[in-house]
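Per-entry structural report
Here are the chains, one letter per residue:
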Amino acid sequence: MEKIVMLDFLNDLLWSKVLIVVLIGLGLWFTIGSRFVQFRYFGRMFGILGANQAFSKDKHGHLSSFQALILSVAGRVGGGNIAGVAVAITLGGPGAIFWMWVVGLIGMATSYFECTLAQAYKKAEPDGTYRGGPAYYISGGMGDNWKWLAALYSVLLLVTFGFGFSALQSYSVATSINDAFGIPVLATGIGMALVVGVIIFGGVKRIAQVAEVLVPVMAIGYLAIALVVLALNVEQIPAVIALIIKSAFGLEPAIGGGMGAAILMGVKRGLFSNEAGLGSAPNVAAVAYVPHPASQGIVQAFSVFIDTIILCSCTAFIVLLGSVYQPGITSEIGGVALTQASLAGHVGEWGRIFVSIAMLLFGFTTIIYNYYLGENSLKFFSDKNQGLIMVYRVAVVVLCGWGATTDLGTAFGFADVTMGFLALANLFALVMLFKPGLRLMRDYDQQIAKGIAEPAFDARRFADMNIDLDAWVLEPQDDIRADKTAVQTA
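Definitions and cut-offs
Residues numbered from 1 in each chain as written. Predicted model: local features only at pLDDT ≥ 70, side-chain atom pairs only at ≥ 80, totals over all residues. Heavy atoms only, no water. Helix = DSSP H or I, 4+ residues; strand = E, 2+ residues; numbered from the N terminus. Buried < 20%, exposed > 50% of the residue type's maximum accessible area, 1.4 Å probe, protein only. Contact = heavy atoms within 4.5 Å. Areas by Shrake-Rupley, 256 points an atom, 1.4 Å probe, with all protein chains shown as cover. Core = buried A, V, L, I, M, F, W, Y, C linked by side-chain atoms within 4.5 Å. Axes fitted to C-alpha atoms, helices over the stretch in contact; angles between N-to-C directions. Parallel < 35°, antiparallel > 145°, perpendicular 65-115°, else oblique. Left-handed = near helix turned anticlockwise from the far one by under 90°. Nonpolar A, V, L, I, M, F, W, Y, C, P; charged D, E, K, R; others polar. Phe/Tyr/Trp six-rings, centres within 6.5 Å; stacked < 30°, edge-to-face > 60°. Lys NZ or Arg CZ within 6 Å of the ring centre and 35° of its normal. pLDDT = per-residue confidence, 0-100. Salt bridge = Lys/Arg side-chain N within 4 Å of Asp/Glu carboxyl O. Disulfide = S-S within 2.5 Å. Patch = residues over 30% accessible without salt bridge, like charges linked within 9 Å, V, L, I, M, F, W, Y side chains within 5 Å.

1. A look at the overall build of the chain
Helix and strand counts for the chain come out as 21 helices and 2 strands. Taken over 490 residues, the chain has a buried fraction of 58%. Once local pairs closer than 6 in sequence are excluded, the contacts in the chain between residues at least 24 apart make up 82%. Counting every atom, the chain has about 18400 Å² of accessible surface; 68% of that belongs to carbon and sulfur.

2. What to know about the nonpolar core
Counting residues in each nonpolar core, the largest one holds 144 residues, and the members touching the most others are Tyr137, Tyr222 and Ile467. Here the element with the most residues in this core is helix α15 (residues 293-320); it accounts for 17 residues. Here Ile467 is in contact with Ala120, Tyr121, Phe457, Ala459, Phe462 and Trp472, once residues within four sequence places are set aside.

3. Structural notes on the side chain of Thr116
Relative to the helices and strands, Thr116 is located in helix α7 (residues 95-120). When residues no more than four places from it in sequence are discounted, the contact partners of Thr116 are Pro293, Ala294, Gly297 and Leu440.

4. Focus: the packing of helix α9 (residues 147-181) against helix α10 (residues 185-200)
Across the interface, α9 lies against α10 with an axial gap of 9 Å and an inter-helix angle of 130°. Comparing their axes, α10 and α9 come out oblique. Where α9 crosses over α10, the handedness of that crossing is right-handed. For the pair α9 and α10, the contacting residues are Ser170, Val173, Ala174, Thr175, Ile177 and Asn178 in the first and Val185, Thr188 and Met192 in the second. Partitioning the contact of α9 with α10 into residue classes produces 5 nonpolar, 4 polar and no charged.

5. Thoughts on the environment of Asp12
Residue position: Asp12 is located in helix α1 (residues 2-33). In this structure the C-alpha to C-alpha distance between Asp12 and Val417, which are 405 residues apart in sequence, comes to 9.3 Å.

6. Considering the packing of aromatic side chains
Taken as a whole and assessed by the stated rule, the structure comprises 25 aromatic pairs. Aromatic pair Phe36 and Phe39: ring centres 6.4 Å apart, planes at 35°, arrangement tilted. Since its relative accessible area comes to 42%, Phe39 is described here as partly exposed. Stacked on the ring of Tyr130, the Lys or Arg Lys122 has its end atom at 3.9 Å from the ring centre.

7. Let's talk about the confidence of the model for the chain
Per-residue confidence for the chain gives a mean pLDDT of 82, with 87% of residues at or over 70. Mean pLDDT across the secondary structure elements of the chain bottoms out at helix α4 (residues 52-55), with 46, and peaks at helix α20 (residues 434-449), with 94. With pLDDT under 50 throughout, residues 477-482 is counted as low confidence; its partners more than four residues away or in other chains account for 14 contacts. The low-confidence segment residues 484-490 (pLDDT under 50) makes 8 contacts with residues lying over four places distant or belonging to another chain.

8. Topic: the packing of helix α5 (residues 65-76) against helix α17 (residues 350-381)
Two numbers describe a pair of packed helices, the interaxial angle and the distance between the axes. Two numbers describe how α5 lies on α17: the axes approach to 7 Å, and their chain directions differ by 115°. On the basis of the axis angle, α5 is roughly perpendicular to α17. Handedness of the crossing formed by α5 with α17: left-handed. Together, Leu71, Ser72, Ala74 and Gly75 of α5 and Phe362, Thr365, Thr366 and Tyr369 of α17 make up the contact between the two elements.

9. Let's talk about the pattern of salt bridges
All chains considered together, the criterion is met by 10 salt bridges. Asp445 is paired through a salt bridge with Arg35; the nearest N and O atoms lie 3.3 Å apart. Taken together, the residues Asp445 in helix α20 and Arg35 in the loop between α1 and α2 (37-40) connect sequence positions 410 residues apart. Given the relative accessible area of 11%, Asp445 is considered buried. Residue classification places Arg35 among the partly exposed positions, given a relative accessible area of 48%. With its nearest N and O atoms 3.5 Å apart, the salt bridge here joins Lys147 to Asp144. Residue Lys147 is classed as partly exposed on the basis of its relative accessible area, which comes to 45%. Residue Asp144 is classed as exposed on the basis of its relative accessible area of 60%. Via salt bridges that share partners, Arg131, Glu375, Lys379 and Arg393 belong to a single interconnected network.

10. Details of the state of the cysteines
Going through the model one piece at a time under the given rule, you end up with 0 disulfides. Sulfur of Cys312: no disulfide; nearest cysteine sulfur belongs to Cys314 and is 9.0 Å away. Residue Cys312 is classed as buried on the basis of its relative accessible area of 0%.

11. Here we look at a nonpolar patch on the surface
A cluster of nonpolar side chains, namely Phe201, Met390, Val394, Val398 and Trp402, defines an oily patch on the protein surface of about 460 Å² accessible area. Of the residues examined, Val394 reaches a relative accessible area of 45% and is grouped as partly exposed.

Now the structure itself:
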């Protein structure tokens, strides 16, 4: 009992006080210091993804920019987009959605910087792939005196995502499928364990290939059903938007504390959902082949937009346009059940089944994403110990099966605490490396200002930043562009 009380205390301290202030404060600092980079290059997000380089791999078979984006979306988009948003509305009122949007827009700048740094400090592996993430930009950018922090971050990442949240997603998916179809949680757990095993034993490239198919299907499918709901209730949309804004500033009744509850729940939902600042997405952003670090930073900022502004909003409108939830009145149901009941009210009982399938896909892709984060953590310590990697893969498969049948409330509370410390370690590193991040951004800005359509990164000009030059052996067309840029700059 004392352990549970202590975990609750630490969770409340970290997520209701410290991290809300730190994440939003630093997000605003990154936004203003970068001259609102997430808005300046918002249109360019689509341009980068529309370019051939975004989908093509280089001669070594590195992941494309699009694959890295999709893999990070697989991790950001999970059960929280369906159940978590409904909880935020239930406890904080419709105004929670407004503050969730604000946090998402601010978080785009944080994600830009952490993913740009991850690209710049990535390491080339003997097999032709890349490795990178916060542990790498901490050790590479902050120097040998901070390698202990890089090691601590890696351990926290392994414990939080590699083990804790993999089991959590398995439990959430299995219970949702059981509620909707009556399928035993053990059967779902075994099924997921087998499929996850086949995927993760194929390495990061197979993980990316699976995510490249599943994530667009699930995201577009969920967006499509939300658009159907909007079309069926088009005349109510202005009133719902007005309700969200009024409730955000305490002008409408809300459960649990009015404006304060709206801010708290909206901010927490936004931070939990988009993961900007946690350092999880940079582990994926680093593996892509791109001509400039800032290119992937811009793309990864877009993944926050997809998660929070688009997909979380889908759930919000499904709930708020329905008749199940009534503002100012305590709801008898919450979480995924509220989303299911609301969608069923719009499109019929098959809506409940749709939500359960969406939960399955969202949770499944998050599991394989979490696995990759754990593997990346282990490889930071040793990229030659394949035996340890095999043990880890077996452990994740076992967790998928066992976690589906066990409510590990205390373990998940512990994972929330470790995630809080994970975020603090990463945010400290981002503060320390803010100037190098600005330097990378300005190099990109200068090339854009000179009319260069696709800026290229000449790592030789940034040798003082302790960048791995072997990770920046560009393709011929990129190398020529980098040489031209160097001449123009000189």
